[in-house]
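Here's the letter readout for the chains.
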Amino acid sequence: MKEIVFDFFNYFVFFYTSLLAISFIVMMFLSFASLKLRKSYYDDNYVRRVLSESPYTPGVSVIAPAYNEEKTIIDNVDSMLGLDYPIFEVVIVNDGSKDSTLDKLIEHYELVEVPFAYIERIKTQPFRRVLKSTNPEYHRLIVVDKENGGTKADASNAGINAAQYPYFICTDVDCILRRDALYRCIWPVLSSSKHVIAVSGTMRMANGCRIKDGQVVEVRPPHTPIPLFQNLEYMRSYLVGKMGWSAINAMPNVSGGFGLFDRQIAIAAGGYDPMSFAEDMDLLARMVGYMCDFSRPYKVVQVPETCCWTEGPPNLVVLYRQRTRWGRGLFQALMIHRKMIFNKTYRQTGLLTLPYMVIFEFLAPIIEFTGLVVFLFLALTGAVNWHTMWVIFLAIYLFCQFLSLVVVAYDYYLGTLYRRGYEYIWIILASILEPFIYHPIITFCSLKGYLNHLMSREYKWGKMTRKGFSQRDGGVAVEGAQGPPPGGQGPQ
């Protein structure tokens, strides 16, 4: 009986790994097709000229929740106000900060309380007031002051309530937005024949970049281990995974660090769930569900060009906190939206995306851990065929390296951000070491997140202290960050 169980497990792992590899290959082809199509019709100068001159260019609200951000709030708001786009506003939501975040905003931007028709279309913690500047230079800035809701989702909902434009971008105050990011994200909305309800912008690690006046002036890969691994993970997730999903209109999520949404659809779908640990995936599932329930055509698009830079976790403590939350959020989101899984009413999301998430994202850490336990048992009992084991290991390892090289090639094809080609060596070095160092950590964190969800453990966001972005030794000074989920460990 024991031999039958082990044989079944071995065959299961073989077919599971084979299907996963096939899905990666399919994603590579789909993403390349999307990249090629994007390059064929998108031109930065043309888009900027058309939208800057057209009277029909839609306005965009940039929403950024802020909680205890006194060290970086002014620099970050200045960066957002410096965006290049004809019609936009910056909505900063002070989520009951206990430090001097609000005081600094009031003093620096000459803010005063103003009468404002704040309509609570989405339920949030109590709203206090709206402040605007008496200085015309800051006429685009709106500060919403509210009681602390405990999550970014609650603060984001307050920003959606206060926003005045038909589209909004939800980001973090510690992110650096590319000056033309709004052009890049709004163009798919205007050029598509379908109703585009959300656009995901590609994100990169700011760690290692040279920052000046709130903008990235020189892009460099991180040179410290954890941000370097996460930078590779982001590149793989956006350039292969999400671009592939976008090609078949089956996007799993729009990253919480930078994404554009149709405000009307987001409100109709109920906005962000303040109790969710994966608010980015949850909101998109709600919006897709809303469109499908009313049989309305829709589209969700991934933009391959980099739109945003974010601080990556600099140490294991912050990475552990971040990834256990993501693991818990994945479990929670799949449970909440389980009625959509294999339900043809929800089109590609129900028939492809969510089943993939369950089989190859949620179950992967469990299968890996089980496989490790079985392997150790077989090794201790002398039942391992070591020659076959090394052949299989080498094949899987080489495939992972091939996938990373494809990601590097796609980035170069798209138009590399790195001024020095040899800087890709850091990315390749990360791919060589990732299976032995970074991936086991991520697997452990995912399993811990699952366990926390099953045990209904109370979650505390924890203190994320930041030095912020500063020009120091040609890089970014980072103390801590809670980066946005890229959409999983694999190609999503």
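Once a new chain begins, its residue numbering starts again from 1 and follows that chain's sequence as written. Selection of residues for local features in this predicted model requires a pLDDT of at least 70, selection of side-chain atom pairs for listing and counting requires 80 or more, and totals for whole chains, interfaces and linings are taken over all residues. Side-chain numbers come from the whole structure's heavy atoms, not from hydrogens or water.

A few words on the overall build of the chain. Helix and strand assignments follow DSSP, with helices taken as H or I runs no shorter than four residues and strands as E runs no shorter than two, numbered in order from the N terminus. Along the backbone of the chain there are 14 helices and 14 strands. This radius of gyration counts C-alpha atoms alone. The globule rule is 2.2 Å times how many residues there are, raised to the power 0.38. Expected size for 492 residues packed as a compact globule is a radius of gyration near 23 Å; at 23 Å, the chain falls within 12% of this value. Its C-alpha atoms give the chain principal-axis dimensions of roughly 75 × 50 × 45 Å. Burial classes: relative accessible area under 20% of the type maximum marks a residue as buried, over 50% as exposed, and values in between as partly exposed (1.4 Å probe, protein chains only). With 492 residues in all, the chain has 56% of them scored as buried.

With respect to the secondary-structure elements, Lys146 resides in strand S5 (residues 141-146). Should any heavy atoms of two residues lie within 4.5 Å, those residues are counted as being in contact. Residues in contact with Lys146, not counting those within four places in the same chain, are Val93, Asn94, Asp95, Gly96, Thr124, Gln125, Pro126, Phe127, Arg128, Asp154, Ala155 and Ala158.

All right, on to the sheet that holds strand S11 (residues 258-262) then. For two strands to pair, DSSP has to find at least two bridges joining them. As summarised here, the arrangement of the 10 strands in space is S3-S4-S5-S2-S1-S6-S11-S8-S12-S7, forming an open sheet in which the pairing is mixed. Of all strands in the sheet, those with a lone pairing partner are strand S3 (111-114) and strand S7 (176-177), marking the two edges. As paired strands, S7 and strand S12 (residues 299-310) are joined by 2 bridges and run antiparallel to one another. Looking at the pairing, Ile176 lines up with Trp309 of S12. Most of the contacts of helix H4 (residues 101-109) go to strand S4 (residues 127-133), to which it runs at about 30°, and overall it touches strand S1 (60-66), strand S2 (88-95), S3, S4 and S5. Contacts from helix H7 (residues 225-247) reach strand S8 (196-205) and S12, with the element oriented near 155° to S8. Think of each axis as a best-fit line through the C-alpha atoms, taken over the contacting stretch in the case of a helix, with angles from 0 to 180 degrees between the N-to-C directions.

Below, the discussion takes up unusual backbone geometry. Of note, Glu110 is a non-glycine position whose phi angle comes to about 55°, a positive value. Tracing the backbone shows Glu110 in the loop between H4 and S3. On the basis of relative accessibility, which here comes to 36%, the residue Glu110 falls in the partly exposed class. Phi at Asn249 takes a positive value of approximately 55°, unusual for a residue other than glycine. For Asn249, the position within the fold is in the loop between H7 and S11. Judged by relative accessible area, Asn249 falls into the buried class, the value being 10%.

Take the packing of H7 against helix H13 (residues 424-433) next. Relative orientation of the contacting elements H7 and H13 amounts to 95°, with a least axis distance of 9 Å. As the angle between them shows, H7 and H13 are arranged roughly perpendicular. Counted together, Leu228, Phe229, Asn231, Leu232 and Met235 of H7 and Trp426, Ile427, Ala430, Ser431 and Leu433 of H13 form the full contact between these two elements. For this scheme, ten residues count as nonpolar: Ala, Val, Leu, Ile, Met, Phe, Trp, Tyr, Cys and Pro. Four count as charged, namely Asp, Glu, Lys and Arg, and the remainder, Gly too, count as polar. For the contact of H7 with H13, the class distribution of residues is 8 nonpolar, 2 polar and no charged. If an angle is under 35 degrees, it is roughly parallel; if it is over 145, roughly antiparallel; if it lies from 65 to 115, roughly perpendicular; otherwise it is oblique.

Where helix H11 (residues 347-380) meets helix H14 (residues 438-454), the closest approach of the two axes is 9 Å, and the angle between their N-to-C directions is 110°. As judged from the angle between their axes, H11 and H14 are roughly perpendicular. Along the contact surface, H11 presents Glu361, Phe362, Pro365, Ile366, Glu368 and Phe369, while H14 presents His439, Thr443, Ser446, Leu447 and Tyr450. For the contact of H11 with H14, the residue count by class is 6 nonpolar, 3 polar and 2 charged.

Right, let's get into a negative patch on the surface. Residues Asp75, Asp78, Glu110 and Glu137 make up a contiguous surface patch of negative charge. With respect to the helices and strands, Asp75 occurs in helix H3 (residues 73-81). What goes into a patch is any residue over 30% in relative accessible area without a salt bridge, connected to like charges within 9 Å or, for nonpolar side chains (Val, Leu, Ile, Met, Phe, Trp, Tyr), within 5 Å. Residue exposure ignores everything except the shown protein chains as possible cover, and the areas themselves are Shrake-Rupley values with a 1.4 Å probe. Here, a salt bridge means any Lys or Arg side-chain nitrogen found within 4 Å of an Asp or Glu carboxyl oxygen. When charges are counted, neither His nor the chain ends are considered; positive counts come from Lys and Arg and negative counts from Asp and Glu. To locate a charge, take NZ of a lysine, CZ of an arginine, CG of an aspartate or CD of a glutamate.

Let us now look at H7. A helix is expected to reach a length of 1.5 Å times the quantity of its residues less one. With 23 residues, H7 should reach 33 Å at 1.5 Å per residue; the first-to-last C-alpha distance of 32 Å fits that figure. Approximately 30° is the largest bend angle found in H7, and it occurs at Ser237. For H7, the buried fraction is high: 21 of the 23 residues fall into the buried class. Among the residues trailing H7, Asn249 stands out with phi positive, at a value near 55°. Axes are fitted to the seven residues ending at a residue and to the seven starting at it; the angle between these axes is taken as the bend at that residue.

Next up on the list: the pattern of salt bridges. Evaluation of the coordinates by the stated rule reveals 23 salt bridges. Ionic pairing is found between Glu120 and Lys123, a salt bridge with its closest N-O pair at 3.9 Å. Its relative accessible area of 65% is what places Lys123 among the exposed residues. A salt bridge links Asp411 to Arg204, with the shortest nitrogen-to-oxygen separation between them at 2.2 Å. Linking Asp411 in helix H12 (residues 386-415) with Arg204 in strand S8, this pair joins segments that are 207 residues apart in sequence. One exposure class covers both Asp411 and Arg204, and it is buried. Salt bridges sharing common partners tie together Asp44, Arg48, Asp84, Arg178, Asp180 and Arg184.

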